[in-house]
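# Remarks on the overall topology
One-letter residues, chain by chain:
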Amino acid sequence: AQKVTQAQTEISVVEKEDVTLDCVYETRDTTYYLFWYKQPPSGELVFLIRRNSFDEQNEISGRYSWNFQKSTSSFNFTITASQVVDSAVYFCALSPVSNSGGGADGLTFGKGTHLIIQP
Amino acid sequence: ETGVTQSPTHLIKTRGQQVTLRCSSQSGHNTVSWYQQALGQGPQFIFQYYREEENGRGNFPPRFSGLQFPNYSSELNVNALELDDSALYLCASSSWTGPYTEAFFGQGTRLTVV
């Protein structure tokens, strides 16, 4: 069974502060994908990043960075110099790598972290 | 915008009724997945359709069923609605071009069962 844990239910910081969202996962699969999605109040899930379990290199995209550590089963997300527009619910998700027709067998999501950036 | 559209955006139904939710996939995508997101929770995988056949299912009862059409649009049907079915229903489309597919989500349909 797969499981994703986002222990931080809600985080509130002042604009321009750095903030890290934690994600811990459990899976018996040897190969898998990890994701981060952003969900603004409109409800649509916005894709942020995908990481293959083979690739443990950290990634930076503008103010966003991700730290994948397979040894601790963690895939943390850091926003540097946060902005009010970053306010949203952020979800970490896990998917097996499937070669069956149709690709991924569904994403397993955490419960999300509600990030509030105060001006 | 992702190009994935869902209708309707909001819906109110009475317990015991049946409901059909619709999803138009992004152009070029042949796989559709449906998720249920209860208030304050993460999305939960209901099922996935690939080339008009269900090829993956989460832990949902048979009264949750679906269809995928030749143009890859999709429907989610829920029979005998229960109060706990109240949730945001999200559709995601993707394209299977190898072992990995990336899912793009629609804005969701918020279903309220009273």
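The sections below set out a description of the structure shown in this document. (Residues numbered from 1 in each chain as written. Chains lettered and ligands numbered in written order. Predicted model: local features only at pLDDT ≥ 70, side-chain atom pairs only at ≥ 80, totals over all residues. Heavy atoms only, no water.)

### A word on the overall build of chain B
Counted only if it meets this: Under the DSSP-based scheme used, a helix requires at least four consecutive residues in state H or I and a strand at least two consecutive residues in state E, with every element numbered from the N terminus. In this setup the radius of gyration rests on C-alpha atoms only. A globule is expected at 2.2 Å times the number of residues raised to 0.38. Here's how the labels work: a residue is buried when its accessible area is under 20% of the maximum for its type, exposed when over 50%, partly exposed in between, all with a 1.4 Å probe on protein chains only. The contact definition used throughout considers only heavy atoms, calling two residues in contact when any of these lie within 4.5 Å. Methods summary: accessible areas were calculated by the Shrake-Rupley approach with a probe of 1.4 Å, and residue burial reflects only the protein chains presented. Charge assignment: positive for Lys and Arg, negative for Asp and Glu; neither His nor the chain ends contribute. Lysine's charge is taken at NZ, arginine's at CZ, aspartate's at CG and glutamate's at CD.
Tallying secondary structure elements over chain B gives zero helices and eleven strands in all. When the helices and strands of chain B are listed from N to C terminus, the series reads β-β-β-β-β-β-β-β-β-β-β. Taking 2.2 N^0.38 as the reference for a compact globule, 114 residues should give roughly 13 Å; the C-alpha atoms of chain B span a radius of gyration of 13 Å, in line with that estimate. Overall size of chain B, expressed as C-alpha extent along the three principal axes, is 40 × 30 × 25 Å. For chain B, the proportion of its 114 residues judged to be buried stands at 51%. A sequence separation of at least 24 residues applies to 52% of the contacts in chain B between residues at least 6 apart. Surface accessibility of chain B: about 5,300 Å² in total, with carbon and sulfur atoms responsible for 49%. Each charge class in chain B can be summarised by its mean position, and for the 7 positive and 9 negative side chains these summaries are 7 Å apart.

### Comments concerning the sheet that holds strand 7 (residues 64–68) of chain B
Residues and elements named next belong to chain B. Using the following cut-off: Strand pairing is defined by DSSP finding a minimum of two bridges between the two strands. Axis definition: a line fit to C-alpha positions, over the contact stretch in the case of helices; interaxial angles, taken between N-to-C directions, run 0 to 180 degrees.
The antiparallel open sheet is built from four strands, whose spatial order is 1-3-8-7. Two strands bound the open sheet, and with one partner strand each, they are strand 1 (5–7) and strand 7. Across this sheet, the average inter-strand angle for adjacent strands is 20 degrees, counted without regard to direction. The pairing of strand 3 (residues 19–24) with strand 8 (residues 74–78) spans five bridges and is antiparallel.

### What to know about the pattern of salt bridges
Pairs can form between side chains of opposite charge whenever their charged atoms are close. Selection criterion: Criterion for a salt bridge: a side-chain nitrogen of Lys or Arg within 4 Å of a carboxyl oxygen of Asp or Glu.
Evaluation of the coordinates by the stated rule reveals seven salt bridges over all chains. Between D55 of chain A and R51 of chain A there is a salt bridge, with the nearest N and O atoms lying 3.0 Å from each other. Given a relative accessible area of 28%, D55 of chain A falls into the partly exposed group. Across the pair R22 of chain B and E75 of chain B runs a salt bridge, and its minimum N-O distance is 3.5 Å. Residue R22 of chain B is found in strand 3, and its partner E75 of chain B is found in strand 8; the two are separated by 53 residues along the sequence. The exposure class of R22 of chain B is partly exposed, given its relative accessible area of 43%. E75 of chain B sits in the buried class, given a relative accessible area of 15%.

### Observations regarding the pairing of strand 11 (residues 109–113) of chain B
Residues and elements named next belong to chain B. Going residue by residue along strand 11, you find T109, L111 and V113 tucked away on one face and R110 and T112 left uncovered on the opposite face. Pairing between strand 9 (residues 87–94) and strand 11: three bridges, direction antiparallel. Looking at strand 11, one finds that Y89 is bridged to T109.

### Here's the deal with the nonpolar core
Where we set the bar: Each nonpolar core is a collection of buried residues, namely Ala, Val, Leu, Ile, Met, Phe, Trp, Tyr and Cys, held together in the definition by side-chain atoms within 4.5 Å.
Judged by nonpolar contacts, the single largest core of 24 residues is most densely connected at W36, W66, F75, F77 and Y90 of chain A. Listed by contribution, the elements that provide at least two residues to this core are strand 2 (10–14), strand 3 (19–21), strand 5 (32–39), strand 6 (46–52), strand 8 (64–69), strand 9 (74–79), strand 10 (88–96) and strand 12 (113–118) of chain A. With four residues, the top contributor of residues to this core is strand 10 of chain A. Apart from the residues lying within four places of it in its own chain, the contact partners of F75 of chain A are C23, L34, F35, W36, I49, R51, W66, N67, F68 and C92 of chain A. Counting residues in hydrophobic clusters, the runner-up holds 20 residues, among them V32, F47, A87 and C91 of chain B.

### Concerning the packing of aromatic side chains
Cut-off, in case you're wondering: Think of it this way: a Phe, Tyr or Trp ring, Trp meaning its six-membered ring, pairs with another when their centres are within 6.5 Å, and the plane angle makes it stacked under 30 degrees, edge-to-face over 60, tilted otherwise.
The final tally for this structure, using the stated rule, is 20 aromatic pairs over all chains. These aromatic residues form a ring-pair network of at least three members: Y33, F35, Y37, F47, F91 and F109 of chain A together with Y35, F45 and F105 of chain B.

### Structural notes on the pairing of strand 10 of chain A
All names here are of chain A. Burial analysis of strand 10 places eight of its nine residues in the buried class, which makes it a mostly covered element. Here strand 5 runs beside strand 10; their pairing, made up of eight bridges, is antiparallel. Each bridged residue has a counterpart across the sheet, and for K38 the counterpart in strand 10 is Y90. Bridge count between strand 10 and strand 12: three bridges; the pairing is antiparallel. Directly across from Y90, in strand 12, lies its bridge partner T113. Pairing between strand 10 and strand 11 (residues 108–109): two bridges, direction antiparallel. Each bridged residue has a counterpart across the sheet, and for L94 the counterpart in strand 11 is T108.

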